[in-house]
Amino acid sequence: MDDQEHRSGIFAGDDPFEIAQRWLTEAEGTEINDPNAIALATADADGLPNVRMVLLKEIEPAAFVFYTNYESAKGQEIAATGKAAFVMHWKSLRRQIRVRGLVEREDGPQADAYYASRSLKSRLGAWASQQSRPLATRGALMAEVAKVTALKGPNPARPPYWGGFRINPLEIEFWADGAFRLHDRFQWKRDNLNEKWSVSRLNP
């Protein structure tokens, strides 16, 4: 079912990634901090959910991309399941986008280019931090930063355990606040990545 004839205004369009980019661009002018922040959800080996804030770095023509340490909790959970979900919420716009899908690594030239675009301190921090694993003291972390700074110099290569994840969605929901909690919700859904989208309006 395609509810396109009933979609207008902020929901208008026949490409969900273009709509998502349009909403994000609008949020960049209204949201105080990190309009590209997403709450990323994964699940551990027991099925227990995990959620944390990360920064979405790219909306591609058919996917969403973020970067992290592959050895972190989220990296290991994604590697085990190949799945993830996220919500991007903007209080300033009273809107949110929910995404669920299949995940693949982005650890080629695109990841190299993004890593190179980061500040030097952030690049060195990626080498120094054993993300999600126990840390004795902050002093120990800063000592490791000093160590890798001396070893890696002013132009460190991307760590082999650090790179991108590309979320290829099976579901995308666009949500906007409505009066009396009668919110507007449009869900784009497909059973596999080769299918066309089916679009439905959902009850609030």
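Cut-offs applied
- Each residue is numbered by its place in its chain's sequence as written, counting from 1.
- Per-residue local features are limited, in this predicted model, to residues with pLDDT of at least 70; the limit for side-chain atom pairs, both in listing and counting, is 80 or more; totals at the level of whole chains, interfaces and linings are taken over all residues.
- Side-chain measures here rest on the full set of heavy atoms in the structure, leaving out hydrogens and waters.
- Each helix corresponds to a stretch of at least 4 residues labelled H or I by DSSP, and each strand to a stretch of at least 2 residues labelled E; elements are numbered beginning at the N terminus.
- Throughout this description, buried means an accessible area under 20% of the type-specific maximum (1.4 Å probe, protein chains only), exposed means over 50%, and partly exposed covers the range between.
- What makes two residues a contact is simply this: any of their non-hydrogen atoms within 4.5 Å.
- UniProt positions are given in the numbering used here, feature names are shortened, and annotations may be inferred rather than shown by experiment.
- By convention a nonpolar core is built from buried Ala, Val, Leu, Ile, Met, Phe, Trp, Tyr and Cys residues, the set being connected through side-chain atoms within 4.5 Å.

Participant: Explanation requested: the overall build of the protein in the structure shown.
Facilitator: Helices and strands together make up the secondary structure of the protein, namely five helices and eight strands. Along the protein, helices and strands appear, N-terminal first, in the series α-β-β-β-α-β-β-α-α-α-β-β-β. Structurally, the protein occupies a C-alpha span of about 60 × 35 × 30 Å along its principal axes. Taking all 204 residues of the protein together, the buried fraction comes to 43%. Across the protein, contacts joining residues at least 24 apart in sequence account for 61% of those joining residues at least 6 apart.

Participant: How do you make sense of the UniProt feature "domain: Pyridoxamine 5'-phosphate oxidase N-terminal" (unreviewed entry) in the protein when you look at a structure like this?
Facilitator: Per the UniProt record, the feature "domain: Pyridoxamine 5'-phosphate oxidase N-terminal" (unreviewed entry) sits at residues 26–150. In residues 26–150, helix accounts for 34% and strand for 35%; the two terminal C-alpha atoms are 42 Å from one another.

Participant: I'm lost on the nonpolar core in this one. Help?
Facilitator: Side chains of nonpolar character tend, in soluble globular proteins, to be buried together. In this structure, F64, F86, W90, I97, I167, I172 and F174 are the most contacted members of the largest nonpolar core, which totals 33 residues. Taken together, the elements giving at least two residues each to this core come down to α1 (16–27), β1 (37–43), β2 (49–59), β3 (64–69), β4 (83–90), β5 (95–106), β6 (162–176) and β7 (184–189). If one sorts the elements of this core by residue count, α1 sits on top with six residues. The residues contacting I97, other than those within four sequence positions of it, are A20, W23, F86, V87, M88, W90, I172, E173 and F174. Counting twelve residues, the second-largest nonpolar core is a separate cluster that includes Y67, Y114, A126 and W127.

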